[in-house]
Amino acid sequence: MWSPGFSALSFMALATFTLCRPTRDLPYTNPILPGWHSDPSCTYVKEEDTVFCVTSTFIAFPGLPVYATKDLQNWKQVSNVFNRPSQIPSLSDTIGQQGGIYAPTLRYHDGTFYLIVSFLGPETKGLVFTSSDPYSDAAWSEPLEFPVRGIDPDIFWDDDGTVYVTSADDSRIQHYSLDLHTGATGPVTYLWNGTGGVWPEGPHLYRKDGFYYLMIAEGGTELNHAETMVRSKSRTGPWEPCPHNPILTNRNTTQYFQTVGHADLFQDGTGSWWAVALSTRSGPEWKNYPMGRETILAPATWEDGGWPVIQPVRGQMRAPLLPRENKHIKGHGSFVDEPDHVTFPPGSDIPSHFLYWRYPPTSSFAVSPQGAHASTLRLTPSLYNITGNASFTPDEGITLLTRRQTDTLFTYNVDVSFDPTVPNEEAGVTLFLTQEQHIDLGLVLLESQNGKYAPAFRLQVEGRGNYEGLLPGKIVPVPEAWRGAPIRFQIQAVSDTQYEFAVISTRKPSQKLVIGHADSRIVSGDTGRFTGTLVGVYATSNGGSGTADAYIRNWRYEGQGQKIA
């Protein structure tokens, strides 16, 4: 089953508010935050009548995107919590491709937003960011650091105002107080290790009907992923297990949406309950899922004194939703289903939903540089290519700028002006999962058969992901008539299993060269099993002496369909 569009997600506080707008039982489509949006956590703010949600970003920058909605169907990115290097300086020294920022929890308490998260870099530490204005990057604080116990911290205010953290470490859920002024933590209590599934993690603690409810993920973030729950009259147990555990999973099914878990529960302003979780669109084969772990929404009921009952996750669902309302969300970002057409006019900024891999070299990107390149983005080549080599250290950075693949079918175009004069200088476009797993189409200066150097288009692959066939690769000389003018580079997802890589003459747009095709399993799983595919541009000297800048314009991304079953 395919859908031309999709809905969006929410997560709300544990209080019931009555809104004037009535709900209707309406269809909506998962995922509501498509593309790489794992480990969702959200909060509802009554004063704004708005839901805010964040997801993991690992070593991508800027990180921890904040999305807002008023109807659970239209989501707009309004800020990035992690938006400046001073907040996490050691990201530039984080070597692992799956390191960085793991599983945030977002909460709103007494007029302040709190974002708590673990950072796994050269050291592991807990971070708490705060803000009174979620629509502003600058309003997000420098983080309070604290000695976190492992990963996936949840923040919880007890009835007496004491703040507690619940996190996952040593195959069990740990619980301790946190001083939000000093970062000091109290004694550790071990709460629960789950129902027997591996890697109990992703805890969230709730207070309802006189009980403390503890919900966790277990079974690993793969095909056995599931949510389970216990409750107690005491914050630290003893715990009564839910009689219908797991309360949410798609394991042992043939559904297209798999790995469902790492969930959160919320009650919206009309009293309806919901669950939000991550999922991969892979089917039980779990081989082809280039967009990685995405955010889904499922309706729930939670009767007084009872247990939550969550509808199984499907691509098409029905739920009591508010009428669509997307015109009154503050902030300057874009909606998740909005196409890109970025022309880089003078005085503009790089869009907030664009991503670098760790911190970018600050001199490598310039919007509308002075001179003859107005309305372009200048890319100054990095010494190392996207992969790097044995001498590469993360703090040296790579010239790479991307956005998430958010659609099963899409077309991405960008016009590239690039005149390499030194061998191996290169600029082009990439489908990127990690530095060890990507597919690139570049314009590069190579030695030809006659011993001279000439520009050529080169399609090449790093890594193979879940793909077992022959990897694509091809070199095609740049036609003489195309030289001296921008060349349009194009990546298309022409099906849910195939990408097409092509170049087009901007002088004669009818002249298109298809350089090759690549299987989407190349950018599924393996070194990027926690992330999702990004699409974008790069420039590099490939370790040589080249310094030629590339200039890009007319960056376009358009989604053209979602596979949901």
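So, how was this worked out
- Residues numbered from 1 in each chain as written.
- Predicted model: local features only at pLDDT ≥ 70, side-chain atom pairs only at ≥ 80, totals over all residues.
- Heavy atoms only, no water.
- Pairing = 2+ DSSP bridges.
- Helix = DSSP H or I, 4+ residues; strand = E, 2+ residues; numbered from the N terminus.
- Axes fitted to C-alpha atoms, helices over the stretch in contact; angles between N-to-C directions.
- Contact = heavy atoms within 4.5 Å.
- Buried < 20%, exposed > 50% of the residue type's maximum accessible area, 1.4 Å probe, protein only.
- Domains from an automatic or database assignment.
- Buried area = accessible area lost by both parts, 1.4 Å probe.
- Salt bridge = Lys/Arg side-chain N within 4 Å of Asp/Glu carboxyl O.
- Polar contact = N/O pair within 3.5 Å; in protein donor to acceptor, adjacent residues only side chain to side chain.
- Nonpolar A, V, L, I, M, F, W, Y, C, P; charged D, E, K, R; others polar.

A. The arrangement of the sheet that holds strand β6 (residues 63–69) in detail. Read across the sheet, four strands follow the order β3-β4-β6-β7 without closing on themselves; strand pairing throughout is antiparallel. Here the strands that pair on one side only, and so sit at the sheet edges, are β3 (41–45) and β7 (76–82). Along the sheet, successive strands turn relative to each other by an average axial angle of 25°, direction set aside. Pairing of strand β4 (residues 50–54) with β6, which is carried by four bridges, proceeds in the antiparallel orientation.

B. Geometry of the environment of P40. Along the chain, P40 turns up in the loop between β2 (24–29) and β3. Through-space distance from the C-alpha of P40 to that of S368 is 35 Å; in sequence the pair is 328 residues apart.

C. Examining the sheet that holds strand β10 (residues 124–131) more closely. If you walk across this open sheet you meet the four strands as β8-β9-β10-β11, and the pairing is antiparallel. This sheet does not close on itself; its edge strands, each paired only once, are β8 (100–109) and β11 (144–146). On average, each strand axis in the sheet is inclined to that of its neighbour by 20°, with strand direction left out of account. Pairing geometry for β10 and β11, over three bridges, is antiparallel. The partner of L127 across the bridge, within β11, is E145.

D. Local environment of the side chain of T259. The residue T259 is located in strand β21 (residues 257–267) in this model. For T259, the residues in contact, after removing those within four places along its chain, are T221, E222, L223, H225, L278, S279, T280 and W286.

E. The pairing of strand β32 (residues 426–434), seen in detail. For β32, a buried count of nine out of nine residues is recorded, marking the element as mostly surrounded by other parts of the structure. Sheet analysis places β32 next to strand β33 (residues 437–447), joined by eight bridges and oriented antiparallel. Residue E426 lies in a different strand from β33, and its bridge partner there is V444. Counting the residues that bridge the hairpin from β32 to β33 gives two residues. In this structure, β32 lies alongside strand β39 (residues 534–540), joined through seven bridges in antiparallel fashion. Bridging from a neighbouring strand, F432 pairs with L534 of β39.

F. Layout of the domain arrangement of the protein. Splitting the protein by domain gives domain 1 (34–319) and domain 2 (340–561). A separation of 34 Å is found between the C-alpha centroids of domain 1 and domain 2. With 39 residues of domain 1 at the interface, the matching set in domain 2 holds 37 residues. Counting each side, the surface lost to burial between domain 1 and domain 2 is near 3,100 Å², with a carbon and sulfur contribution of 54%. In this structure, the connection of domain 1 to domain 2 is made through zero salt bridges. Inspection of the domain 1/domain 2 interface yields 21 residue pairs in polar contact (both at pLDDT 80 or more). At the level of elements, β5 (60–61), β6 and β7 are the ones that each hand at least two residues to the side of domain 1 that touches domain 2. Of all the elements, β7 adds the most residues to the side of domain 1 that touches domain 2, at three residues. Here the side of domain 1 that touches domain 2 is built from residues that sort into 20 nonpolar, 14 polar and five charged.

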